[in-house]
Amino acid sequence: MFTKTAVEKPEPIVEKEKIKETLLRIITYSLDFVALGIVGKTTGKRFLVCETGFQYSLWKTLGGRPELYGELKENPLNTISREIREEAGIVTLDPEVEDIFLIQELRNRKGDCYYAIAFDLKYYSGEVEKGKEIAELKEFAKDEVSDAISSNKMVPLHIPIWKYYINNLWK
């Protein structure tokens, strides 16, 4: 007879050495990932977006999946730069490994593993405007992000990233 046991969710990786090790494994073995970037233009605010084509509008972090070039996969640093530019018209300072503040191991609906790689990035230039796949783009203050989390108006998988960011990095 089989009994159900709770599946433990892995803790987010936040230690710099573990982040570097995990990133190297992701790149070396071409593991699946989504790159997410927190950036703001206005002091004390950060961007969130709602994507088009969904029944319910939930706020999410700028970012997305890597592009494939034949058999080659875009790396996380290039992915986050491209995604932020496409979604918000923003150019950030060149992302570096040190800009990664959290990596979280996740499971998709099929149960396959992928990684969420979260970057804390600095605005460099660009006219802020929503990309074609974005329904709404807005800068939020810290309390507004907290409100979006507590009122269930944020994509659930992005909530741990924002909670960590709010509690440890947002200045």
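Residues numbered from 1 in each chain as written. Predicted model: local features only at pLDDT ≥ 70, side-chain atom pairs only at ≥ 80, totals over all residues. Heavy atoms only, no water.

A. Local environment of the pattern of salt bridges. Counted by the stated rule, this structure contains seven salt bridges. Lys60 serves as the salt-bridge partner of Glu51, at 3.2 Å between the closest nitrogen and oxygen. By relative accessible area, which is 25% here, Glu51 ends up partly exposed. In this structure, Glu83 engages Arg82 in a salt bridge whose closest nitrogen and oxygen atoms are separated by 3.1 Å. Of the two residues, Glu83 and Arg82, both sit in the buried class. If you follow the salt bridges from partner to partner, you end up with Glu67, Glu74, Arg82, Glu83 and Glu86 in one network. (Salt bridge = Lys/Arg side-chain N within 4 Å of Asp/Glu carboxyl O. Buried < 20%, exposed > 50% of the residue type's maximum accessible area, 1.4 Å probe, protein only.)

B. Structural view of helix α1 (residues 16–28). Look at α1: 18 Å from first C-alpha to last across 13 residues, which is about the 18 Å you get at 1.5 Å a residue. Every buried residue of α1 is listed here: Ile19, Thr22, Leu23 and Ile26. Here the buried residues of α1 occupy an arc of 100 degrees about the axis, which is enough to place them on one side. The exposed residues of α1 that point more than 90 degrees off its buried face are Glu17, Leu24 and Thr28. Just downstream of α1, Ser30 is the residue with a positive phi angle, here 50 degrees. (Helix = DSSP H or I, 4+ residues; strand = E, 2+ residues; numbered from the N terminus. Expected span 1.5 Å × (residues − 1). Arc of directions from axis to C-beta.)

C. Fine view of helix α2 (residues 76–88). Across its 13 residues, α2 extends 18 Å between first and last C-alpha, which sits within 8% of the 18 Å expected from 1.5 Å per residue. All of the buried residues in α2 are Pro76, Thr79, Ile80, Ser81, Arg82, Glu83, Ile84, Glu87 and Ala88. You can read the cap of α2 off the contacts: a side-chain oxygen lies 2.8 Å from the backbone nitrogen of Leu77, and it is on Asn75. Residue Gly89 follows α2 closely and has a positive phi angle near 70 degrees. (Polar contact = N/O pair within 3.5 Å; in protein donor to acceptor, adjacent residues only side chain to side chain.)

D. Quick peek at the nonpolar core. With 23 residues, the main nonpolar core has Leu48, Phe101, Val145, Ile149, Met154, Ile161 and Trp162 as its most contacted residues. Looking at this core, the elements with two or more residues in it are β1 (33–38), β2 (45–51), β7 (100–107), β8 (113–120), α3 (142–150) and α4 (159–168). Residues contacting Trp162, with those up to four places away along its chain left out, are Ile38, Arg46, Phe47, Leu48, Thr61, Val145, Ile149, Met154 and Trp170. In terms of nonpolar packing, the next biggest core, distinct from the first, is built from 22 residues, Ile13, Ile80, Ile90 and Ile103 among them. (Core = buried A, V, L, I, M, F, W, Y, C linked by side-chain atoms within 4.5 Å. Contact = heavy atoms within 4.5 Å.)

That's the geometry; what it means functionally is another story.
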